[in-house]
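If you want the building blocks of each chain, they are given just below.
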Amino acid sequence: MGSAGFEVDLFEARPFLGGRATSYDLPSADGAEPETIDNCQHILLRCCVNLLNFYERMGVRDRIKFYREFFFLEPGGRLSVLRRGRLPAPFHFTGSFWKMHCLSRSDKIGIAKALMAIRRERTRRKDLERISMLDWLLQKRQTPHAIDRFWRQVLVSAVNEDLERMAAIHGFRVFWLAFLARPDSYEMGVPSVPLGDLYSSEAWSRMGPNVRLHLRAPVEAVDGGDFVVAGQRLRGDFSICALPFERLESVGLAAPRFEHSPITGIHLWFDREITTLPHATLLDRTIQWMYNKGGGKYLQLVVSASRDLTNLSRNEIIEIAVGDLRLYFPRVHDAKLLKAHVIKEQRATFSAAPETEKLRPTAQSEIPNLFLAGDWTKTGWPATMEGAVRSGYIAAEHVAQAAGQPASFLLPDLG
Ligand SMILES: Cc1cc2nc3c(=O)[nH]c(=O)nc-3n(C[C@H](O)[C@H](O)[C@H](O)COP(=O)(O)OP(=O)(O)OC[C@H]3O[C@@H](n4cnc5c(N)ncnc54)[C@H](O)[C@@H]3O)c2cc1C
């Protein structure tokens, strides 16, 4: 908005920016310097075009490191690698896909047929919002192995929901945009700095002097288009409310009735190098993804849609995590676990369940000069950083339109 010539005041309840994509200092038990860790590893794919555009604007685009390989690890440590080859899209994975050890020939033939069906059906089928991804995969006669070791492994993390609870439309979007539309759109971007540095006030200051940040400034109420902050009513020509949906009622706005889906992040520090892989998806067990955060000694593990872990204690979760790691990385047997930290985000994202899309509100609220943003609004994407940026760009376009100064921010999807 600042770049379109508007004067912008941003009110953030917390003393720092970043929202759910955040990092914090973990105090050290032995009096050493605290360690800055992310609440959970956040990754993006090259198809997140609006997020990458936002990083350009903030001057942090070069802090994202892209990887061209997806590593699939079986218990026992056998590795399969998915990377693009020379063929044009959508056949660019053909070479590496047929060499993957973790899938049988019949698994692969079924997956290849289903991928082609996604290309055909994505614009034709009208029920993709109503059925679950699992329903669709079963219709396509996917083998149990193909479902568990391929579809589930990719989609549960991308959409943060189980296949049986995920609307098929989200699975279609992920596979179409990331795996079929363009040869490079699957490449995984991992921030090379803590999230707190990526979404820092310093980065925001590059947006120009007409964007003013007010930290520790919770909005107490939204009344018409006015915000009440520290007991004072503030009136702008236009307002954008970008609160998480579960916070809307606290400021007097109606909230959609979405369910949440949790994510659990597990941070483990070992006394020696456990792996040289930069990341890997771990098949057949509780832990879904491993990210190597420092010399193979500090590993960050992620479990999406982690309802099964909700009632477990920190120690129980660490025990499961270390037990799982032993199966993939033999060095864990001899290694000493120096430190461990578990972060359960019970309200990580909304659940992208069937019949949810129609409940997602557009940016235009019922109040003419109040607009809505947030990863839960109608962005077309699941709850992701790309979805959040899209929602902001869409809301900004509404404001510009309402002000009679149309501006365009949103970039079209790659497909
Ligand atoms: C554990 C975890 C892992 C994730 N992994 C990924 C990933 O790998 N890739 C990916 O793309 N996405 C991931 N996500 C999702 C991503 O973090 C979110 O989709 C995105 O951050 C949502 O941004 P947002 O701006 O919509 O909401 P939020 O980030 O929730 O921002 C809302 C802001 O509003 C502020 N606020 C609340 N109440 C008030 C008030 N009254 N007044 C003023 N301010 C207020 C909050 O402090 C917050 O800063 C993950 C999320 C979690 C929790």
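Sequence positions are assigned chain by chain, starting from 1 and proceeding in written order. Given that the model is predicted, a residue must reach a pLDDT of at least 70 before its local features are reported, and side-chain atom pairs must reach 80 or more before they are shown or counted; all residues, however, enter totals for whole chains, interfaces and linings. Note that water and hydrogens are dropped before the side-chain values are worked out from all heavy atoms of the structure.

Colleague: Hey, could you run me through the sheet that holds strand S18 (residues 337-350) in this one?
Modeller: A pair of strands is treated as paired once DSSP finds two or more bridges between them. Here a helix means four or more residues in a row that DSSP labels H or I, a strand means two or more in a row labelled E, and each is numbered from the N terminus. Strand order in the open sheet made by the 7 strands is S7-S6-S15-S16-S17-S14-S18, with mixed pairing throughout. For this open sheet the edge positions go to strand S7 (79-83) and S18, each flanked by a neighbour on one side alone. Averaged over neighbouring strand pairs, the angle between their axes works out to 25° when direction is ignored. With 3 bridges joining them, strand S15 (residues 279-282) and strand S16 (residues 289-294) adopt antiparallel strand pairing. Looking at the pairing, Ala-280 lines up with Met-290 of S16. Lying over the sheet, helix H9 (residues 314-328) contacts strand S6 (69-73), strand S14 (260-270), S15, strand S17 (298-304) and S18, oriented at roughly 110° with respect to S18. Note on definitions: angles span 0 to 180 degrees between N-to-C directions of axes, and those axes are lines fitted to C-alpha atoms, for helices only across the stretch in contact. Contacts are residue-level and defined by heavy atoms, with any inter-residue pair within 4.5 Å sufficient.

Colleague: Quick question: what am I supposed to make of the site of the ligand here?
Modeller: Throughout, the term near means that a residue has one or more heavy atoms lying within 4 Å of the molecule or strand in question. Among the 27 residues in the neighbourhood of the ligand, the closest are listed as Glu-12, Arg-20, His-42, Asp-375 and Met-385. Taking Glu-12, its side chain carries an N or O atom lying 2.6 Å from an oxygen atom of the ligand. Pairing of N or O atoms within 3.5 Å defines a polar contact, subject to two protein rules: one partner must be a possible hydrogen donor and the other a possible acceptor, and residues neighboring in sequence count only if both atoms are side-chain atoms. Note that an oxygen atom of the ligand is positioned 2.8 Å from one of the side-chain N or O atoms of Arg-20. Only the protein chains shown count as cover for residues, and the accessible areas themselves come from Shrake-Rupley with a 1.4 Å probe. Protein burial of the ligand: of its 1,000 Å² of free accessible surface, 87% is covered by the chains. Elements that contribute at least two residues to the shell around the ligand include exactly S18 and helix H10 (385-402). Residues belonging to the shell around the ligand are distributed by class as follows: 15 nonpolar, 6 polar and 6 charged. Residues are grouped as follows: nonpolar covers Ala, Val, Leu, Ile, Met, Phe, Trp, Tyr, Cys and Pro; charged covers Asp, Glu, Lys and Arg; every other residue, Gly included, is treated as polar.

Colleague: Explain the environment of Gly-224 to me, please; I cannot follow it from the model alone.
Modeller: Secondary-structure assignment places Gly-224 in the loop between strand S10 (219-223) and strand S11 (226-229). Residues Gly-224 and Gly-252 lie 28 residues apart in sequence; the distance between their C-alpha atoms is 9.9 Å. In this structure, Gly-224 is in contact with Ile-367 and Leu-370, ignoring residues within four places of it in sequence.

Colleague: I tried to follow the environment of Phe-238 on my own but got confused; where do I start?
Modeller: Within the element layout of this structure, Phe-238 appears in the loop between strand S12 (232-234) and strand S13 (239-241). Categorising residues by exposure relies on relative accessible area from a 1.4 Å probe, with only protein chains included: less than 20% of the type maximum marks a residue as buried, more than 50% marks it as exposed, and the intermediate range marks it as partly exposed. You can call Phe-238 partly exposed: its relative accessible area is 28%. Spatially, the C-alpha atoms of Phe-238 and Ala-396 are 10.0 Å apart, while their sequence positions differ by 158 residues. Filtering out sequence-adjacent residues up to four positions away, Phe-238 remains in contact with Asn-369, Phe-371, Val-399, Ala-402 and Ala-403.

Colleague: I would appreciate a short explanation of helix H6 (residues 168-180) in the present structure.
Modeller: For an α-helix, the turn length of 3.6 residues means that residues three or four places apart are oriented alike. Across the 13 residues of H6, 11 count as buried, placing the element largely inside the fold. Among all positions in H6, only Ala-168, His-170, Gly-171, Phe-172, Val-174, Phe-175, Trp-176, Leu-177, Ala-178, Phe-179 and Leu-180 are buried. Lining the buried residues of H6 we find strand S4 (44-45), S6, S7, helix H3 (105-121), helix H4 (133-139) and helix H5 (144-159).

Colleague: Even after reading the chapter, I still don't get unusual backbone geometry, so can you show me in this structure?
Modeller: Only a minority of non-glycine residues have a phi that is not negative, and only a minority of peptide bonds are not trans. The omega torsion across Ala-89 and Pro-90 is 10°, close enough to zero to call that bond cis. The backbone of Arg-216 shows a phi angle near 50°, a positive value even though the residue is not glycine. With respect to the helices and strands, Arg-216 occurs in the loop between strand S9 (211-214) and S10. Residue classification places Arg-216 among the exposed residues on the basis of a relative accessible area of 62%. Not every positive phi belongs to a glycine, and Glu-355 is a case in point at roughly 70°. Within the secondary structure, Glu-355 is located in the loop between S18 and strand S19 (370-372).

Colleague: In this structure, what is going on with the pattern of salt bridges? I would like to understand it.
Modeller: Should their charged atoms come close, side chains of opposite charge can pair. We define a salt bridge as a contact between a side-chain nitrogen of Lys or Arg and a carboxyl oxygen of Asp or Glu at a distance within 4 Å. In the structure shown here, the tally under the stated rule is 30 salt bridges. In this structure, Asp-148 and Arg-152 form a salt bridge, with 2.8 Å as the shortest nitrogen-oxygen distance. Of this pair, Asp-148 and Arg-152 both sit in helix H5, 4 residues apart, which is roughly one turn of the helix. Take Asp-148: its relative accessible area is 34%, and that puts it in the partly exposed class. Notably, a salt bridge pairs Asp-226 with Arg-233, separated by 2.8 Å at the nearest N-O pair. For Arg-233, a relative accessible area of 48% corresponds to the partly exposed category. Counted as one network, the salt bridges with shared partners bring together Arg-46, Arg-68, Arg-84 and Glu-187.

Colleague: I keep staring at the packing of aromatic side chains and nothing clicks. Help me out?
Modeller: Two aromatic rings are characterised by how far apart their centres lie and by the angle between their planes. Aromatic rings from Phe, Tyr and Trp, taking only the six-membered ring of Trp, are treated as a pair when their centres fall within 6.5 Å; an angle between ring planes under 30 degrees marks them as stacked, one over 60 as edge-to-face, and anything in between as tilted. The final tally for this structure, using the stated rule, is 21 aromatic pairs. Both rings, one in Trp-289 and one in Tyr-291, keep their centres 6.1 Å apart while their planes meet at 15°; by these two values the pair is stacked. Classification of Trp-289 by relative accessible area gives buried; the value is 6%. Three or more aromatic residues joined by ring pairs make a cluster, and in this case those are Phe-70, Phe-93, Phe-97, Trp-98, Phe-150, Trp-151, Phe-175, Phe-179, Tyr-186, Trp-289 and Tyr-291. Put simply, a charge is over a ring when the Lys NZ or the Arg CZ is close to the ring centre, within 6 Å, and near the line of the ring normal, within 35 degrees. A cation sits over an aromatic face here: Arg-46 above Phe-66, 4.0 Å from the ring centre. Directly above the aromatic system of Trp-269 lies the positively charged group of Lys-339, at a separation of 4.4 Å from the ring centroid.

Note that all results are geometric; they support no functional claim without further evidence.
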